[in-house]
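# Fold and contact review
Spelled out, the chains give:
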Amino acid sequence: MDVDSDLALVVSGVSRRYRDDFRRAPQAALDAVDLTLGAGEAMMLAGLNGAGKSTFLRLVAGIERPDEGQITVLGKGPRHPSSRRRLAYLPDGAELFPFLDVRETLAFFAAARGLGRRAARAESDRLIEVFGMEPWARKRTVSFSTGMRRRLALASALIGAPDFLLLDEPASGLDPEAARLFLEVLRQEKARGATILMASHHLAHVEGLCDQIAVLARGRLAFRGAVQELARKLGRYEVDLSLPAGAAEGVIGADLAGSTVGEPRLSERALEDFLIAESRGS
Amino acid sequence: MIGDLRGAVALARVTMFELLRRGTLPLAFLGLTLYVGFLRLPVELDPTAARARFLDQAFSAGAAGLVLVAAVAGLQLAAGRARGGSGEDLARQAIGESAQHWGRALGLSAVLVLLGLGLGLTIMINVGLRFDDLVGVEAPIRHALSSEGFRNERETRFARPGASAEALVFDLGHGDPDQALEFRFSPRLLLVGRSAALRAGVPIALEIRALDGGYRRRRVLELHEGKPLRVALDLPRAQRGRLAITVENPGSGWLIGFTRGDATILAGADSLAAAILRAGLILGLYAAFFAMIAYFLRGRVGAVSALLLTLAFALLSSSFAQVEDGLFDRLPGAGREVAATLLGLLLPDFARHDVAAMLVRGVSPAWAQVGDAGLRLAIGSVLVGFLARVRKS
């Protein structure tokens with residue numbers, strides 16, 4: 001069996017440069033990045049603003065072409081029709097088609113993914129229910145809040161049960177309830193067997209979803225491995241601590257009898273420090 | 001490939017919704033409608049002429065306004081594409097860049113054809129209400145859109161009395177069996193000076209032959225300066241292929257000549273609905289063509305340049321006849337035909353509509369110009385669109 005058949009994504013030596021001013025030399029957004037992701041795995045793509053996360057996702061989605069290197073998605077190039085149909089991309093930002101309503105937006109993406117009319121209708125109904133959008137189903141998105149637009153955008157990406165999800169900070173700007181809903185929906189997608197590559201700054205947005213992490217800094221891959229592996233490398237964990245009633249004050253050094261301690265996990269602050277340090281090249 | 005086609009059609013539908021709901025186009029359409037509604041012309045002296053003038057002006061204003069609207073809509077859409085954003089990016093990922101490119105273009109065209117139809121309907125209703133004659137608008141339509149018939153393209157002149165003019169050949173297709181054919185003939189009398197003869201009329205002879213059949217008729221008519229002759233042709237439908245009309249000057253002593261467009265074969269009047277559909281479709285198709293130019297040029301050049309180029313294109317195409325007369329007459333025979341055909345395909349000319357008739361025999365002459373406009377839109381926009389894609393990649 002071909003080793004690569006278990007890989008949903010193979011990126012080798014990919015570089016992308018932008019020229020924001022024709023008088024200046026092109027700036028590298030990505031520089032010789034290598035990355036693989038197994039089928040059915042979920043990976044967090046972490047990095048500060050400008051690290052190259054969105055560019056990387058756009059290249060994998062086939063929206064842009066790399067200047068150098070090769071990308072294989074589900075066994076084909078990202079622009080191959082068979083890859084496109086099995087891949088869903090949720091860009092950063094929430095502006096879809098402002099003058100369409102929810103049903104019309106979902107109908108478009110269903111048609112784009114080759115669903116028939118009846119299947120499209122059933123899929124739209126399912127996603128409208130999953131994301132709690134029934135009251136807004138016939139409203140144009142121009143009047144929607146950011147949270148509602150993000151719900152519709154994720155629903156649009158999920159239509160047709162794609163095999164590979166590329167998500168660019170899907171939970172940014174969401175209230176806690178919506179963020180939890182997103183996480184739950186994405187966990188279900190992973191359980192279904194979908195591969196997920198998700199750009200985010202926050203570990204809380206990928207908790208229980210991504211067991212792999214890739215860190216981009218200044219267009220280069222600074223780390224790639226299991227989340228626990230990064231935690232071990234950084235040596236900083238955090239835990240949830242549930243204290244008995246009335247024991248919240250003066251907890252340091254106090255007797256923790258009667259308290260429960262959760263599983264240790266990579267500290268959010270440690271990840272932030274790592275991202276900042278890598279972006280400064282220190 | 002089929003999936004991409006389906007995606008392009010779906011995006012075309014989305015584009016139509018977006019453009020129509022955005023408000024810019026409906027507002028522009030409202031402006032044109034109001035303009036047509038308030039178009040004041042004297043009607044008391046000669047209602048028929050006033051009606052014809054009204055239609056001329058309304059359609060001219062409609063065409064100009066729609067071209068402007070088309071250019072702005074094309075630029076808007078192209079600006080959205082260039083700006084990107086979630087909708088554009090999601091669509092690009094889902095259906096592919098090529099399908100996105102053509103889907104947007106298709107939607108833009110469809111919207112403008114719809115607007116053209118709407119404008120045609122508005123004008124017809126205005127005419128009906130203003131002149132209290134909904135049924136009678138058919139004749140003015142035919143008059144206002146004189147390009148509806150097939151016209152002679154060459155200038156011909158009798159060198160001396162007693163000579164025959166070169167035969168004029170018209171390709172009619174087989175047409176609608178219910179349509180009467182009519183021949184309008186308005187050659188110019190040259191060396192005008194004998195007013196008595198003018199008042200009495202000058203005899204000329206017409207020989208009409210069907211090149212595909214055995215039909216042959218000879219008619220002698222009296223011609224009066226400034227008064228076009230209308231002659232009904234009793235031509236059987238089966239023989240309505242290529243028709244040759246030879247004009248003879250039977251020796252009156254007058255020199256007779258006619259320039260391009262003086263001889264016209266008109267299809268008979270058809271229903272009001274068909275006339276509305278036709279006029280609107282033609283307006284919409286030409287507007288869509290200019291929208292395509294603006295849409296495809298934007299991104300290659302700046303917005304203002306794209307707008308100016310589109311308007312220059314519109315101006316150039318409306319004066320295509322003059323360009324052709326001046327340019328092609330200097331070319332040798334075959335080269336002239338090839339150049340004229342190529343330019344004719346690319347530049348929509350509001351007065352020429354023979355391409356579709358040449359390609360699709362059996363289309364009635366009146367509908368041929370709709371086909372012609374559609375053909376030019378398809379060929380022209382696909383060509384420009386491909387150039388834009390090639391340059392981009």
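Residues numbered from 1 in each chain as written. Chains lettered and ligands numbered in written order. Predicted model: local features only at pLDDT ≥ 70, side-chain atom pairs only at ≥ 80, totals over all residues. Heavy atoms only, no water.

### Notes on the environment of R224 of chain A
Residue and element names in this part refer to chain A. Operational definition: We count a stretch as a helix when DSSP gives it H or I for four or more residues in a row; a strand needs E for two or more, and each element gets its number in order from the N terminus. Here, two residues are considered to be in contact whenever any of their heavy atoms come within 4.5 Å of each other. In the analysis that follows, any N or O atom pair within 3.5 Å is treated as a polar contact, provided that within protein one partner can donate a hydrogen and the other can accept it, and provided that, for residues neighboring in sequence, both atoms belong to side chains.
Mapping R224 onto the fold places it in strand β9 (residues 220-226). Taking the C-alpha atoms as reference points, R224 and Q212, separated by twelve residues in sequence, lie 7.5 Å from one another. Those residues in contact with R224 that sit more than four places away from it in its chain are L35, T36, L37, E41, M43, Q212, I213 and A214. One polar contact links the side chain of R224 to the main-chain carbonyl oxygen of T36, over a distance of 2.6 Å. Side chain to side chain, R224 and Q212 meet in a polar contact 2.6 Å long.

### Quick look at the pairing of strand β7 (residues 195-199) of chain A
Residue and element names in this part refer to chain A. In plain terms, the rule: Residue exposure (1.4 Å probe, protein chains only): buried if accessible area is under 20% of the type maximum, exposed if over 50%, otherwise partly exposed. Should DSSP find at least two bridges between two strands, the strands are regarded as paired.
In terms of burial, β7 is a largely internal element, five of the five residues being buried. Residue alternation in β7 divides its side chains into two sets, T195, L197 and A199 and I196 and M198, and both sets are buried. Here strand β3 (residues 42-46) pairs with β7 via four bridges, running parallel. Its bridge partner being in β7, L45 is matched across the sheet by A199. Across five bridges, the pairing between strand β6 (residues 164-168) and β7 is parallel. When the sheet's bridge partners are listed, D168 is paired in β7 with A199.

### As for the sheet that holds strand β2 (residues 27-38) of chain A
Residue and element names in this part refer to chain A. Rules: Structural elements are reduced to axes, namely lines fitted to C-alpha atoms, with helices fitted over the stretch in contact, and the angle between N-to-C directions of any two is expressed from 0 to 180 degrees.
As summarised here, the arrangement of the three strands in space is β2-β1-β4, forming an open sheet in which the pairing is antiparallel. Looking along the sheet, the strands with just one partner apiece sit at the ends: β2 and β4 (68-73). Each adjacent strand pair in this sheet contributes to an overall mean axis angle of 15°, direction not counted. In this structure, strand β1 (residues 7-18) lies alongside β2, joined through eight bridges in antiparallel fashion. The residue bridging R17 from the neighbouring strand is A28, located in β2.

### Observations regarding the interface of chain B and chain A
Condition: Values labelled buried area give the accessible surface lost by two parts on being combined, using a 1.4 Å probe and summing over both. Salt bridges are counted wherever a side-chain nitrogen of Lys or Arg sits within 4 Å of a carboxyl oxygen of Asp or Glu. By the convention adopted, Pro, Cys, Tyr, Trp, Phe, Met, Ile, Leu, Val and Ala count as nonpolar, Lys, Arg, Asp and Glu as charged, and the other residues, Gly among them, as polar.
At the junction of the two partners, chain B supplies 24 residues and chain A supplies 30 residues. Summed over both partners, the interface of chain B with chain A buries about 2,400 Å², with 59% contributed by carbon and sulfur atoms. Taken together, the connections running from chain B to chain A amount to three salt bridges. The partner of R79 of chain A in a salt bridge is E97 of chain B, and the shortest N-O contact between them spans 3.2 Å. Looking at the side of chain B that touches chain A, the elements that each hand over two or more residues are α1 (2-22), α4 (86-95) and α5 (97-131) of chain B. Broken down by element, the side of chain B that touches chain A gets its largest block of residues, eleven residues, from α1 of chain B. Considered class by class, the residues forming the side of chain B that touches chain A number eight nonpolar, seven polar and nine charged.

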